Amino acid sequence: MMFCSSAQAKTHEDKIPVKVFIAAMFEIGENSGDKAGEFQHWYEQYFADSKPIKVTGAHSPVYCNSEGVCGSVLGMGKVGSSASMQAITLSPKFDFTKSYFILSGVAGTPPNKGTIGDVSWASWLVDYDLGHRWKAEEGEKGAPTFTPRKGYEDIRRYQLNPELLQWNLHLSESVSLKDSKEANDYRMRYPNAEARRSPAITVGTHMTGDTFFHGPGLSKQAQYITELYDADDYVITEMEAAAIAQVLDRTVGTERLMSLRGAVNFDQGHPNETTLQHLDPAPGETAGGFAETVENIVLVGSRTVDHIVNNWDVWADGVPELEQK
């Protein structure tokens, strides 16, 4: 028995204690030195001197720095990202008992709620797919074409920690977001005041679906689902967060989970283009601002990462109370 206890203790000591885990979904090429995807700016800021740690079952290696910040590219979509997150969370190489998680990536936004370059903190994560759908002409005229499927009540939505959300908004309120002429020119094709404004930090429901849904009809349906589930307004469409939340809920919990997304496209075309034209735009008709948005995500998210790490004695045991001025 003494031998088993010593071996277990050594195994525990060998684990890397993770303070903050940053999860991106894809990278375009290399982690540094080329066109940046979702992970490159995180990598260059926190992991440039870190060695890759291979985890069986994960899409990409995990990188950890000496301050307890770790990160990885999980892969796109519900299945790929959640499989990676589960492999990493259950790996004996890491200690996630006190970890905070930031799910980070690009996304779409409805033009009546956001614009290109926005960075959004999620208040709720909602699954777009768990339900029944039918063609409009096969149902009641003018009625919604979606109803939730019974039995999925515990996994179709997650409210993220409101106290942690308030910290995120507080820490990022002074961040100056980057923009581009190309993105601004594209915005002006839309009549919505929210679409035409400069990038801002927003908050609301992040809608997770494996489908790249487009068009005003499906955007309206996404908003309808958030109302069915008593969540906040739909502001972001993405493909991973609710699935990853389910993995964390089963393993380490969701009290320290954050979702951070940057808007690089609208979920529908402007009034002078059809939905199919929006899906397959002509040369020169695509939205600009991708490079600025992936940088904006890290400008915002790094405020939270650095604050947690620099004040770990306060944050280790849970989210501290935010004193409102």
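Residues numbered from 1 in each chain as written. Predicted model: local features only at pLDDT ≥ 70, side-chain atom pairs only at ≥ 80, totals over all residues. Heavy atoms only, no water.

Colleague: So what exactly am I meant to see when it comes to the overall build of the protein here?
Modeller: Counting its regular elements, the protein contains 11 helices and 13 strands. In terms of principal-axis extent, the alpha carbons of the protein reach across some 70 × 45 × 45 Å. Across the 325 residues of the protein, 52% fall into the buried class. (Helix = DSSP H or I, 4+ residues; strand = E, 2+ residues; numbered from the N terminus. Buried < 20%, exposed > 50% of the residue type's maximum accessible area, 1.4 Å probe, protein only.)

Colleague: Sorry if this is basic, but what is going on with the packing of aromatic side chains here?
Modeller: Any two aromatic rings considered together are summarised by their centre-to-centre distance and by the angle between their planes. If you walk through the whole model with that rule in mind, you get 18 aromatic pairs. When the centroid spacing of 5.9 Å and the interplanar angle of 50° are considered together, the rings of Y186 and Y190 count as tilted. In textbook terms, an aromatic cluster arises when at least three aromatic residues are bridged by ring pairs, as seen for F39, W42, Y43, Y46, F47 and Y63. We note R133 situated over the ring of Y128; from NZ or CZ to the ring centre the distance is 3.9 Å. (Phe/Tyr/Trp six-rings, centres within 6.5 Å; stacked < 30°, edge-to-face > 60°. Lys NZ or Arg CZ within 6 Å of the ring centre and 35° of its normal.)

Colleague: Would you mind showing me how to read the pairing of strand β4 (residues 69-73) here?
Modeller: The two faces of the sheet receive side chains in turn, since in a regular strand these alternate between them. A large share of β4 lies buried, amounting to 5 of its 5 residues. Here β4 shows two buried faces, one formed by V69, G71 and V73 and the other by C70 and S72. Pairing of strand β2 (residues 20-24) with β4, which is carried by 5 bridges, proceeds in the parallel orientation. Along β4, the bridge assignment pairs A23 with S72. Alignment of strand β3 (residues 62-64) against β4, held across 3 bridges, turns out to be antiparallel. Directly across from V62, in β4, lies its bridge partner S72. (Pairing = 2+ DSSP bridges.)

Colleague: Help me understand the nonpolar core, please; the structure alone is not making it clear to me.
Modeller: Counting residues in each nonpolar core, the largest one holds 38 residues, and the members touching the most others are W42 and V305. A total of 7 residues in this core trace back to one element, the largest contributor, which is helix α10 (residues 290-310). Core analysis: the second largest hydrophobic core is formed by 29 residues, F94, F96, L125 and A245 among them. (Core = buried A, V, L, I, M, F, W, Y, C linked by side-chain atoms within 4.5 Å.)

Colleague: Got a minute to help me understand the environment of L218 in this structure?
Modeller: Structurally, L218 can be placed in helix α7 (residues 216-228). Taking C-alpha positions, L218 is 9.6 Å from T145, a pair spaced 73 residues apart along the chain.

Colleague: What is the right way to look at the pattern of salt bridges in this model?
Modeller: Side-chain pairs of opposite charge can arise whenever the charged atoms involved come near each other. Following the criterion strictly, the structure yields 13 salt bridges and no others. Here K78 and D127 are joined by a salt bridge, their closest N and O atoms 2.8 Å apart. One end of the pair, K78, is in helix α3 (residues 77-90); the other, D127, is in strand β7 (residues 119-127), and 49 residues separate them in sequence. Given the relative accessible area of 11%, K78 is considered buried. What makes D127 buried here is its relative accessible area of 6%. E238 is the partner of R261 in a salt bridge, and the nearest nitrogen-oxygen pair spans 3.5 Å. Of the two residues, R261 is situated in strand β13 (residues 257-266) and E238 in strand β12 (residues 234-238); the sequence distance between them amounts to 23 residues. According to the relative accessible area criterion, R261 is buried, its value standing at 1%. Here the salt bridges share partners, and the residues they tie into one network are K78, D127 and D129. (Salt bridge = Lys/Arg side-chain N within 4 Å of Asp/Glu carboxyl O.)

Colleague: I keep staring at the packing of helix α2 (residues 40-47) against α10 and nothing clicks. Help me out?
Modeller: Axes are the key here: two packed helices are described by the angle between their axes and the distance separating the axes. Running from amino to carboxyl end, α2 crosses α10 at an angle of 40°, the nearest separation of the two axes being 9 Å. Relative to α10, the element α2 is oriented oblique. α10 is crossed by α2, and the crossing has right-handed handedness. Listed contacts from α10 to H41, W42, Q45 and Y46 of α2 are V294, E295, I297, V298, G301, S302, V305 and D306. Partitioned by chemical class, the residues of the contact of α2 with α10 number 6 nonpolar, 4 polar and 2 charged. (Axes fitted to C-alpha atoms, helices over the stretch in contact; angles between N-to-C directions. Parallel < 35°, antiparallel > 145°, perpendicular 65-115°, else oblique. Left-handed = near helix turned anticlockwise from the far one by under 90°. Contact = heavy atoms within 4.5 Å. Nonpolar A, V, L, I, M, F, W, Y, C, P; charged D, E, K, R; others polar.)

Colleague: What am I meant to see in the side chain of S104 here?
Modeller: Relative to the elements of secondary structure, S104 occurs in strand β6 (residues 100-109). The buried category is assigned to S104, whose relative accessible area is 1%. In this structure the side chain of S104 is engaged in a polar contact, spanning 2.9 Å, whose partner is the side chain of W42. Excluding anything up to four places from it in sequence, S104 contacts A23, A24, M25, E38, W42, L260 and I297. (Polar contact = N/O pair within 3.5 Å; in protein donor to acceptor, adjacent residues only side chain to side chain.)

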